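Structural features, examined
Below are the chains, spelled out letter by letter.
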Amino acid sequence: AIDDITQYGLGVANNGGGTDGLEVTLPSLTINEGDHILVAREPQTLAAYFGGCFDAFDHVVQSDGMNQNGDDAIELFQGMTVIETYGDADVDGTGQLWEYAGSWSYKVGGSFVYGGVDCAAGSTATQSSGCPYLFCE
């Protein structure tokens, strides 16, 4: 559990160009162990896509700073220190196991689960996609 997540933030390492540093500071929220957090540019679009299972997210944070295209590494910061990276900040993720273009990835039990590249392309709802989101099945 974290009483206030403002000490944490995110960064996007675009196209394998290395870290761009902290780009998104998370708002003041209390997080409990096991909470699901969604950080998105357009939460309302994802609410329509996820439908009834959108409620599985305990916290939804709108942020224009999340600007990636599915092959960019995502960095989690505590203060100004990277404490975890999804992908590799120095590698364009195209064709990598961690590429998430037209898809999703989720960390559970210390490992990432992947939907599969472009598995959601053309779908209007996660339930009818080729890869329903892990908590929407």
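Residues numbered from 1 in each chain as written. Predicted model: local features only at pLDDT ≥ 70, side-chain atom pairs only at ≥ 80, totals over all residues. Heavy atoms only, no water.

With 15 residues, the main nonpolar core has Ile5, Leu10, Val24, Leu26, Met66, Ile74 and Tyr86 as its most contacted residues. If you list the elements that add at least two residues to this core, you get strand S1 (8-13) and strand S5 (73-78). Counting residues per element, this core draws most heavily on S1, at 4 residues. If we skip the residues at most four places from it in the chain, Tyr86 touches Ala73, Ile74, Trp98, Tyr100, Ser105, Phe112 and Tyr114. Formed by 14 residues, the second largest nonpolar core is a distinct cluster that contains Tyr49, Phe57, Tyr106 and Cys131. (Core = buried A, V, L, I, M, F, W, Y, C linked by side-chain atoms within 4.5 Å. Buried < 20%, exposed > 50% of the residue type's maximum accessible area, 1.4 Å probe, protein only. Helix = DSSP H or I, 4+ residues; strand = E, 2+ residues; numbered from the N terminus. Contact = heavy atoms within 4.5 Å.)

A separate point is the packing of aromatic side chains. Per the stated rule, a full pass over the model turns up 13 aromatic pairs. Note on Tyr86 and Tyr114: the rings are 6.5 Å apart at their centroids and 45 degrees apart in plane angle, and the pair reads as tilted. One end of the pair, Tyr86, is in strand S6 (residues 81-86); the other, Tyr114, is in strand S8 (residues 111-114), with 28 residues separating them in the sequence. Residue class for Tyr114 comes out partly exposed when judged on its relative accessible area of 31%. Within the aromatic cluster, the residues linked to one another by ring pairs are Tyr49, Phe50, Phe54, Phe57, Trp104, Tyr106, Tyr133 and Phe135. (Phe/Tyr/Trp six-rings, centres within 6.5 Å; stacked < 30°, edge-to-face > 60°.)

Our next topic: the state of the cysteines. Going through the model one piece at a time under the given rule, you end up with 2 disulfides. Across the disulfide, Cys119 is cross-linked to Cys131 (sulfur-sulfur distance 1.9 Å). Note on the Cys119 and Cys131 pair: the S-S dihedral is about 75 degrees, so by sign convention the disulfide is right-handed. Of this pair, Cys119 sits in the segment after S8 while Cys131 is found in the segment after S8, placing the two residues 12 residues apart along the sequence. A residue is classified by how much of its surface remains accessible, and Cys131, at 6% relative accessible area, is buried. (Disulfide = S-S within 2.5 Å.)

Residues Leu38 and Ala40 point to one face of strand S3 (residues 37-40) and are all buried, whereas Ile37 and Val39, pointing to the other face, are not buried. In terms of strand pairing, S3 meets strand S4 (residues 59-62) through 4 bridges, oriented parallel. Paired with Val39 across the strands is Val61, a residue of S4. With helix H1 (residues 43-50) bridging S3 and the parallel S4, this β-α-β connection has right-handed handedness. (Pairing = 2+ DSSP bridges. Right-handed = clockwise from strand over helix to strand, strands pointing away.)

Pairing within the open sheet is antiparallel, and its 4 strands lie in the order S2-S1-S5-S6. Single-partner strands in this sheet number two, and they are strand S2 (24-25) and S6.

Read these as layout, nothing more, since geometry by itself doesn't imply function.
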